[in-house]
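Examination of the molecular architecture
Below are the chains, spelled out letter by letter.
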Amino acid sequence: MKKTILTLALLGLLVFSFAETLVIKGSNTIFPVTQLWIEEMKTMYPDLTITLEGAGSSTGISALFNGTTDIANSSRWLKAEEIKQMGQEGKYFIPIVLGYDGIAIIVNPELPIDNISLENLAAIYTGKITRWNQLDPNLPNERIVVYSRNSASGTYETFVEKVLKGERMAPTVQLLESTQAEITSVARNKYAIAYTGIGYVTNDVKVLTVNGIQPTKINILNSVYPISRPLFMFVDATNGYPETGKVKQFITFGLSKRGQELVEQAGYIAAYGF
Amino acid sequence: MNRRNVKDKINQGLITIVAFIGIFALIGLFIFIINESIPALTQVGAEIFTSIYWYPTYNPPEYGMLAMIIGSLILTGFSSLLVLPLGYIIAFFLYDYANPTEQTVIKSTIDLLSGIPTVIIGSFLFIYVSPIMMKLGAWSSGNLLLAAIGLSILSLPYAASLMQESLSSVDVSLKEAALAMGASRFTAGFKIVSKKALPGLLNATILTVNRIIGETIVVLMVAGGAAIIPRSLWDPVRPLTAVIASEMGEVAVGSLHYSALFTAGLILLTISFVLTLLSRRITRSGSS
């Protein structure tokens, strides 16, 4: 009896040590996409265990440097110092574009405005313009109620980088905790403006064109729309492209037809097969 | 030593251990928070308390909390202004006027209210009350008044039951004497019993204020979230607790931003500590 238990325990240990664990860390923006992929992949590869952690793009990339993750999700390109560090440590990371993210500028449907320039948008968010009629005399003489996501959001980071060009957001901007709260607030307030990921827009709000450009799929994919960005997975390819194994399995699934459908389901634009 | 003595000793030992665990946890918490906030206090310094610009993620970063500290204080003050008189009225009614049935109904309502998760109160205000406020002229769907209402709802049970307790603890003979002297029921309760119960009432006040200042979820959901010094009830605010809750999840552990959030916690803890000390002093001076 004792022997059987021991054998079973050993066998269990053996199975456990052979079970592959794939570690993924990084951007919170990409987190929902990766989560959908993992859920679907679990049915395809039951013995593949995946741990996912959303801790921010920078954290993901630094984890790739010290080898504590297999894939680093990043909603931004590598910084100059990261590229330098790669050279110093003799490492080579490759980017894989998994999808695109576009930020829609939303206002209340009752507000008679359809387009906004990038400069005016920056002026509103930095507090230089505070009333709608400063933008256009035909607009009502009312205070602009400006909403933003909180600074923990990846969308916020992109917005600050692409629209404000690093300038500070005015303290009068109201930081909300969720995209849903933004949409509800704009739907409720005639003089509000906010920005959200393109996938979250509902019929309760109106999407503005920016510099006259519609945030359509094609415009975001080609980055013609000014507030769009590619989303990356970074993989350590110091010893060559991972041709087999768990990392390869994951990437292949992510870029497959189904994987790309899930990118759209998470609210982003699929990079391939449109 | 007989069996009874042994039992007694064991019980005493257990109680001492549990009490010490509590004390150590409290001290440990203090040390932890102070320790984590030291980098921000030394590297940022007075800017934390003098600047209204909170830009922890920009380059160069700025860590001014003045607007948020003032926001916290104004919100707490205003909510206290709403809830304390209301709490006293309920307590007074329960003490002096309510018949047993009314007492049971009110008491269980209060108990039930204290059990509602704050996130539910926040959602309710955001979904149902905020649109009404917009119709009444609010320019921002989350604002000071809405947050104050939320804080009042969730601290009302504290205020009412603590105040009722302190009224009830006054010796009945005092009230009876007052009534025998010809004082009306209202005068006896309001002027004489309440005066005697004043230390207890003040204590209840401080505990309620303490509860309000530390509340997080409601202010995160309905206070508006702009770190400005509010000038009207319709203005949004961003209290310290909301900042901590909103940003703690994303900061790199050990960074200056992380440390600054702990400094915000330290400020709240200090306020709360001072209030508690004050309440102890009041209670003591009342009993002597």
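Residues numbered from 1 in each chain as written. Chains lettered and ligands numbered in written order. Predicted model: local features only at pLDDT ≥ 70, side-chain atom pairs only at ≥ 80, totals over all residues. Heavy atoms only, no water.

1. Concerning the overall build of chain A
- Scanning chain A for helices and strands turns up 11 helices and 11 strands.
- With respect to the three principal axes, the spread of C-alpha positions in chain A is 85 × 45 × 35 Å.
- Across the 274 residues of chain A, 49% fall into the buried class.
- For chain A, the proportion of contacts with a sequence separation of at least 24, taken over those separated by at least 6, is 73%.
- When the accessible surface of chain A is totalled, it reaches about 12900 Å², and 56% of it is carbon and sulfur. (Helix = DSSP H or I, 4+ residues; strand = E, 2+ residues; numbered from the N terminus. Buried < 20%, exposed > 50% of the residue type's maximum accessible area, 1.4 Å probe, protein only. Contact = heavy atoms within 4.5 Å. Areas by Shrake-Rupley, 256 points an atom, 1.4 Å probe, with all protein chains shown as cover.)

2. What to know about the interface of chain B and chain A
- Counting from both sides, the interface comprises 27 residues of chain B and, opposite them, 29 residues of chain A.
- A buried area of about 2200 Å², summed over both sides, lies between chain B and chain A, and 48% of it is on carbon and sulfur atoms.
- Of all residues in chain B, the largest losses of buried area upon contact with chain A belong to Tyr58, Trp139 and Glu250 of chain B, amounting jointly to 30% of the total for that side.
- On inspection of chain B and its partner chain A, the count reaches 1 salt bridge.
- Glu62 of chain B serves as the salt-bridge partner of Arg168 of chain A, at 2.5 Å between the closest nitrogen and oxygen.
- Counting every contact that joins chain B to chain A gives 14 residue pairs in polar contact (both at pLDDT 80 or more).
- Contributions of two or more residues to the side of chain B that touches chain A are made by helix H5 (118-136) and helix H11 (240-247) of chain B.
- No other element matches the 5 residues that H5 of chain B contributes to the side of chain B that touches chain A. (Buried area = accessible area lost by both parts, 1.4 Å probe. Salt bridge = Lys/Arg side-chain N within 4 Å of Asp/Glu carboxyl O. Polar contact = N/O pair within 3.5 Å; in protein donor to acceptor, adjacent residues only side chain to side chain.)

3. Looking at the side chain of Asn150 of chain A
- Within the secondary structure layout, Asn150 of chain A lies in the loop between strand S6 (145-149) and helix H7 (154-162).
- Among the polar contacts made by the side chain of Asn150 of chain A, one reaches the side chain of Glu177 of chain A at a distance of 2.9 Å.
- Each residue touching Asn150 of chain A, except ones within four places of it in the same chain, is listed here: Tyr156, Leu175, Leu176 and Glu177 of chain A together with Ser246 of chain B.

4. Comments concerning the layout of surface pockets
- Taken as a whole, the largest pocket holds about 1000 Å³ of empty space.
- In terms of lining residues, the largest pocket is bounded by 33 residues, among which Ser58, Arg76, Lys79 and Glu157 of chain A together with Thr57 of chain B are the most central.
- At the level of elements, helix H3 (57-65), H7 and strand S10 (228-236) of chain A are the ones that each hand at least two residues to the lining of the largest pocket.
- Tallying contributions element by element places H7 of chain A first for the lining of the largest pocket, with 6 residues.
- Of the residues belonging to the lining of the largest pocket, the class tally is 12 nonpolar, 12 polar and 9 charged.
- When its volume is computed, the second largest pocket comes out at roughly 330 Å³.
- Residue lining of the second largest pocket: 21 residues in total, with Arg143, Pro171 and Thr172 of chain A together with Trp139 and Ile228 of chain B positioned closest to the centre.
- Residue classes in the lining of the second largest pocket are distributed as 14 nonpolar, 4 polar and 3 charged. (1 Å grid on protein atoms, 1.4 Å probe; cavity = no way out; pocket = protein on both sides within 12 Å on 5 of 7 lines; lining within 4 Å. Points joined across faces, edges and corners; volume = space filled by probe spheres on them. Nonpolar A, V, L, I, M, F, W, Y, C, P; charged D, E, K, R; others polar.)

5. Topic: empty space enclosed by the protein
- One pass over the full model with this rule turns up 5 cavities of 30 Å³ or more.
- Volume-wise, the largest cavity comes out at about 210 Å³.
- By residue class, the composition of the lining of the largest cavity is 13 nonpolar, 2 polar and 2 charged.
- For the second largest cavity, the calculated volume is near 70 Å³.
- Leu175 of chain A together with Val219, Leu220, Gly224 and Gly225 of chain B are, among the 13 residues lining the second largest cavity, the residues nearest its centre.
- Put simply, the parts of the chain that give the lining of the second largest cavity at least two residues each are strand S7 (174-176) of chain A together with helix H10 (217-222) of chain B.

6. Remarks on the nonpolar core
- In this structure, Ile105, Tyr125, Phe159, Met169 and Ile193 of chain A are the most contacted members of the largest nonpolar core, which totals 52 residues.
- Non-local contacts of Tyr125 of chain A, meaning those with residues more than four positions away in its chain, are made with Val146, Tyr147, Ser148, Phe159, Leu164, Arg168, Met169, Ala170, Val173, Ile193, Ala194 and Tyr195 of chain A.
- Leu84, Leu151, Val193 and Val219 of chain B belong to the second largest nonpolar core, which has 35 residues in total. (Core = buried A, V, L, I, M, F, W, Y, C linked by side-chain atoms within 4.5 Å.)

7. Some remarks on the packing of aromatic side chains
- One pass over the structure, following the stated rule, counts 23 aromatic pairs over all chains.
- On the numbers, 6.0 Å between centres and 35° between planes, the contact of Phe20 of chain B with Phe24 of chain B is tilted. Separated by 4 residues within a single helix, Phe20 of chain B and Phe24 of chain B lie in helix H1 (residues 3-43), roughly one turn from each other.
- By relative accessible area, which is 56% here, Phe24 of chain B ends up exposed.
- In textbook terms, an aromatic cluster arises when at least three aromatic residues are bridged by ring pairs, as seen for Tyr88, Phe92, Phe93, Tyr97, Phe186 and Phe190 of chain B.
- Its end group placed over the ring of Trp139 of chain B, Arg143 of chain A keeps NZ or CZ at 3.8 Å from the ring centre. (Phe/Tyr/Trp six-rings, centres within 6.5 Å; stacked < 30°, edge-to-face > 60°. Lys NZ or Arg CZ within 6 Å of the ring centre and 35° of its normal.)

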